[in-house]
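Notes for the structure review
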Amino acid sequence: MSEQQALSQPLQTEEPLLNDQEMQFWLDKAVAWGQADSPDTQKDTCLHMSRLRDFLHQLLTQVNSMSSTTETMKRLPFLGQLLGRLCWNPYVTVCDTSRGLLLGCLWGLYSERPSNAVEKKANQWIRELPFTAKDRNNGKNKKTFSPQLGPSGRTGQMYGFRPEMVCLRVSPRRDHTVLHYHGMSFEEMTDKQSMRKVLCQLSTEEDETAAQALMKCTGVPAKEYHLKVLRKKVALLQENVGQSCTLFNSQRCSCDRIVDISEACIPIVTCPEASSLISLLLQRPVACVTEALSEDFLNALTSAYSRQGLALEEQALVSLWYHSFSSLEEAVLSLLQSVITTGLTPQKLEQQVAQSLLPKACAQHCSIFLVVNDIFRSILKQAEGNESVKTLVQTFTKCFLRELALLKPQTSISVKAFFPQSPSSLLVPLLTMPSEMPQGAWRNHLNWLSSSLQRLTEEEEEEEEGDGRSTRGHHNVFEAWFLLVQCAHWVQVAVQLLVTSGTEDGDPFLWLLIFYHYPTKRWHHRASQLARAKEAWNHIRTLFSGAAHPLPSDRLQSLGTLVSPQPEQQSFAPSLTVSLLVNVAVFCQLPPSGSAEVLQAVVDQSGLLDEAACVLSSLELRLNEGCCLSRDTVHLRIKELQKMITQMHSE
């Protein structure tokens, strides 16, 4: 009997260590899977990976328990065919555990001192795994590990190998590593599956013991070898990605290959060596309609980035958000969650929003801003009274407008494109920052805004009376309110002008504040809330009047009742109350000690200490930006009040 017949013919076993049916099951699976070239085989391979790993664990244990390769081949005659087929399924070898088990089985079959034809043939087969070293010094090829399985090719058929196996050729010089695929260099490779198979095998390190044994003849450590080959492959793919579109030539458009390359890169998205290629793919300008990135590639990037397993440069991250809605949505919701749970000061909130890069991305891509705006819009429709969300929306819009102003005129688009649903008459007046106009014009500007918003609400009520099913008026009012939330700097200016104006000039400002806190009639009619606001405002003015000393307890009790939760009705907005309190304390004529006494008494009774600290920080921030009326004593009063609140916190 020939050597090959001795290896290929099934031998009788006295006590099979493996269940024959299980061995046959996995052999049939390996044959059916092939190299996982179709979606069905890829899916089936993934579904069976857990069971396959368990089987390989058992197989490795039994191989290591054998006294020799001859005994192993006698009892497991189809072992070589099974291992050979599994080794070239990239969906098997991409898994660290499975790949390590396969290499362990191969090493278990290797005989250091082969004593017969079977062991010699097994050693030859193991050495002829996908590695060939080329001695460039003498111009001859020195065979070490090669996929050329003999002149007849029968050895390859016997062990389940196919002629399209990958061949890795390493020069003895460690500074020159070349990767070949069945006699072709990567420059000649165009098949998507081929690229993915190679990258699957290079995406992680081999099991150290087995890899060192298999590559000892190359003179290059396994880790170094794989890194050099991976870098070479990445560099060649970068050259391909950088090619310009050839849509107008007679040949096939080069953009068609972008989706193929992006799919091939899925196994290496977390490899630092591939970061430049990933950035290039994400930032490649869209040259024609045929260009796209694989959805699986984008999902892999999103998953890796969310696990903090992927580091992306700023522009690459912006490009990922541009290409992937799920990645953008996750970034927005993560920012929202961090703001709600941490309770940042206005200064730290603005810093965190800016560092998230989302405002910068929105300024560069209108489509990103529209998606982010829709997320904020949807959340506010469900939680219009959530002050943390409204503060985030205002801060985000402020950072966005700042980034938009930094863009070159030729790269920016009309601001109206970013707000397609907002009432056009209110857009520019609200987006204009207070610092962009004289302080003397603020009062007339706010009077106009208040009257314009009142007309919108009146039109809504008229439409509901005429046709209760009409939603157009409600939509317009909500969009006007949403824009007001985004541009809440004018709401803050209205509070400041209200506390510094006479009693006869404050009604438009007070109405604007009520509309900001109660945009719908979900709980109470806006008129009833306006009446309660006037009552609270009268109590506050009395408390801060110079003649009211000592503090009238009845006024304190009445104000506390207004802002406390009531069993049968919605309490008056605490955020509006504390905003009025703090602004009066800062801008009134009382000495700083008197203002601090009044503010301390009210916040202590109403439990609005944290809210008062936040309003003070916001007022200080606007003062530094020129969006606040300023006098020499304002800074000093803010510092005194902040010191008082800090002391209350420590008690």
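Residues numbered from 1 in each chain as written. Predicted model: local features only at pLDDT ≥ 70, side-chain atom pairs only at ≥ 80, totals over all residues. Heavy atoms only, no water.

A few points about the overall build of the chain
Here is the rule: Labels follow the DSSP assignment, with helices taken as runs of H or I lasting at least four residues and strands as runs of E lasting at least two, numbered in each case from the N terminus. For the exposure calls, accessible area comes from a 1.4 Å probe over protein chains only, and a residue counts as buried if that area is under 20% of its type's maximum, exposed if over 50%, partly exposed in between. Here, residues are in contact when the closest pair of their heavy atoms is within 4.5 Å. Surface accessibility follows the Shrake-Rupley procedure with a 1.4 Å probe radius. Residue values consider only the protein chains on display as shielding.
Scanning the chain from terminus to terminus reveals 33 helices and five strands. When the 651 residues of the chain are sorted by exposure, 52% land in the buried category. Contacts in the chain between residues at least 24 apart in sequence constitute 70% of all its contacts with a sequence separation of at least 6. Accessible area for the chain stands at about 30700 Å²; split by element, carbon and sulfur atoms hold 50% of it.

Quick look at the nonpolar core
Put simply, the rule is: Only buried Ala, Val, Leu, Ile, Met, Phe, Trp, Tyr and Cys residues count toward a nonpolar core, and they belong to the same one when joined by side-chain atoms within 4.5 Å.
Ranked by size, the top nonpolar core spans 132 residues in total, and within it L282, F297 and F544 carry the most contacts. When neighbours within four sequence positions are excluded, F297 is seen to be in contact with S262, C265, I266, V269, I278, L281 and L282. Core analysis: the second largest hydrophobic core is formed by 32 residues, W26, L79, C87 and I126 among them.

A word on the packing of helix α4 (residues 49-65) against helix α6 (residues 79-87)
Packed helices, taken two at a time, are described by the angle between their axes plus the distance between the axes. Stated precisely, the cut-off is as follows: For helices, the axis comes from a line fit to the C-alpha atoms of the stretch in contact; other axes are also lines fit to C-alpha atoms, and the angle between any two N-to-C directions lies between 0 and 180 degrees. What sets the label is the angle itself: under 35 degrees gives roughly parallel, over 145 gives roughly antiparallel, 65 to 115 gives roughly perpendicular, and the rest give oblique. By definition, any crossing whose near helix is turned counterclockwise from its far helix by less than a right angle is left-handed, and any crossing with a clockwise turn is right-handed. Note on residue classes: Ala, Val, Leu, Ile, Met, Phe, Trp, Tyr, Cys and Pro are nonpolar, Asp, Glu, Lys and Arg are charged, and everything else, Gly too, is polar.
Running from N to C, α4 and α6 point in directions that differ by 135°, and their axes come no closer than 13 Å. On the basis of the axis angle, α4 is oblique to α6. The interaxial crossing formed by α4 with α6 has left-handed handedness. Along the contact surface, α4 presents L52, F55, L56, L59 and V63, while α6 presents L79, L82, L83 and L86. For the contact of α4 with α6, the per-class residue count stands at nine nonpolar, no polar and no charged.

Some details on unusual backbone geometry
At Q308, a residue that is not glycine, the phi angle is positive and equals roughly 60°. In this fold, Q308 is placed in the loop between α16 (295-306) and α17 (314-323). For L357, which is not a glycine, the phi torsion comes out positive at approximately 70°. Along the chain, L357 turns up in the loop between α19 (346-355) and α20 (358-364). By relative accessible area, which is 13% here, L357 ends up buried.

Digging into the confidence of the model for the chain
Basically, it comes down to this: Confidence scores per residue from the predictor, reported as pLDDT, run from 0 to 100.
For the chain, mean pLDDT is 75; residues scoring 70 or higher make up 72% of the total. Here residues 204-211 is a poorly scored stretch, pLDDT under 50, and it has 15 contacts once near neighbours within four places are set aside; other chains count.

Considering the packing of α17 against helix α18 (residues 325-342)
Where α17 contacts α18, the two axes come as close as 5 Å, and the packing angle between them is 115°. Considering their axes alone, α17 and α18 lie roughly perpendicular with respect to each other. Of the residues in α18, those touching α17 at L320, W321 and H323 are F325, S327, L328 and A331. Across the contact of α17 with α18, the residue classes break down as five nonpolar, two polar and no charged.

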